[in-house]
Amino acid sequence: MDRLVAENRFAKAAVEVALFDAWGRTVGLPVYALLGGLAQDRVPVTWALGAARPHEIIEEATGKLDAGKHASFKLKMGSQDPEADVERIEKVASALASRASLRMDINAAWDELTATRYLPRLQAAGVELIEQPLPAWDTTGRPGSPSSGRSRSWRTRACAANRTRCASSRPTRRTSSR
């Protein structure tokens, strides 16, 4: 498949999942049984909150927290001026401090100078993971920069120091397809 279709990992993953599902249905077993057995009966899910205004994000996140449905949230960034975007996230982080795990997806909208300027503020606000701060083509990155290495995500120092909390968010009562 890799020779016929370059990249498109999400599409390839969908095909792979469909093939496992078809195999399981053919032999009358759930996919987890085909893969060696059930490892856990729940999977924590990070709820996507998008790029709305702070009060809207806080209201939706608080509702999920109060209902016990989610304790990890991902917000979109990169479509606004970086200063305004970071201020928006700082407000959300302040309101949800100690109640939720926050992750940001910048959608590769920043250059290295912008990332170097604003990522420390996101870290100080309590953001645990920053996804795709730089474009995929920017693979050089100076050592220690968000773009160094192969990862397109950047775990903050707070997250790296507490891998247990970052690797698996707090348990949720319900999974979601969103």
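All values reported here derive from a predicted model rather than from experimental measurement.

A. Spotlight on the nonpolar core. Within the largest apolar cluster, 26 residues are counted, with the highest numbers of intra-cluster contacts made by Phe73, Leu75, Met77, Leu102, Met104, Trp110 and Leu122. Counting only elements with at least two residues in this core, the list comes to β1 (47-50), α3 (54-66), β2 (72-76), α4 (82-96), β3 (101-105) and α5 (112-125). For this core, the leading source of residues is α4, giving five residues. In contact with Leu122, not counting residues within four places along its chain, are Met77, Val86, Ile89, Ile106, Trp110, Val127 and Ile130.

B. Molecular detail of the pairing of β1. Burial along β1 is one-sided: the face carrying Trp47 and Leu49 is buried and the face carrying Ala48 and Gly50 is not. Bridging between β1 and β2 involves three bridges; their strand directions are parallel. Each bridged residue has a counterpart across the sheet, and for Gly50 the counterpart in β2 is Leu75. At this point the chain moves from β1, through α3, to the parallel β2, and the crossover so formed is right-handed.

C. Focus on α4. With 15 residues, α4 ought to run about 21 Å at 1.5 Å a step, and its terminal C-alpha atoms sit 21 Å apart, in line with that. Taken together, the buried positions of α4 are Pro82, Asp85, Val86, Arg88, Ile89, Val92, Ala93 and Leu96. When α4 is viewed along its axis, its buried side chains cluster within an angular range of 155° and face the same direction. Across from the buried face of α4, at angles greater than 90 degrees, the exposed residues are Lys91 and Ser94. On its buried face, α4 is in contact with β1, α3, β2, β3 and α5. Of the residues trailing α4, Ser98 is marked for its positive phi of about 65°.

Thresholds applied
- Along each chain, the written sequence defines residue order, and numbers are assigned to residues from 1.
- Whole-chain, interface and lining totals are the exception, using all residues; otherwise, since this is a predicted model, local features are given only for residues with pLDDT of at least 70 and side-chain atom pairs are given and counted only at 80 or more.
- Side-chain measures were taken over the full set of non-hydrogen atoms in the model, leaving aside hydrogen atoms and water.
- The nonpolar core is taken to be a set of buried Ala, Val, Leu, Ile, Met, Phe, Trp, Tyr and Cys residues, with the residues joined through side-chain atoms within 4.5 Å.
- Type-normalised accessible area, obtained with a 1.4 Å probe on protein chains alone, sets the label of each residue: buried when under 20%, exposed when over 50%, and partly exposed for intermediate values.
- For the purposes of this entry, the term helix denotes a DSSP run of H or I that reaches at least four residues, the term strand denotes a run of E that reaches at least two, and both are numbered from the N terminus.
- Two residues form a contact once any of their heavy atoms are found within 4.5 Å.
- When DSSP locates at least two bridges between a pair of strands, those strands are taken to pair.
- For crossovers, right-handed means that the path from the first strand over the helix to the second runs clockwise, given strands pointing away from the viewer.
- Between the first and last residue of a helix there are one fewer steps than residues, each counted as 1.5 Å, and that sum is the expected span.
- Note: the arc covers the axis-to-C-beta directions of the helix.

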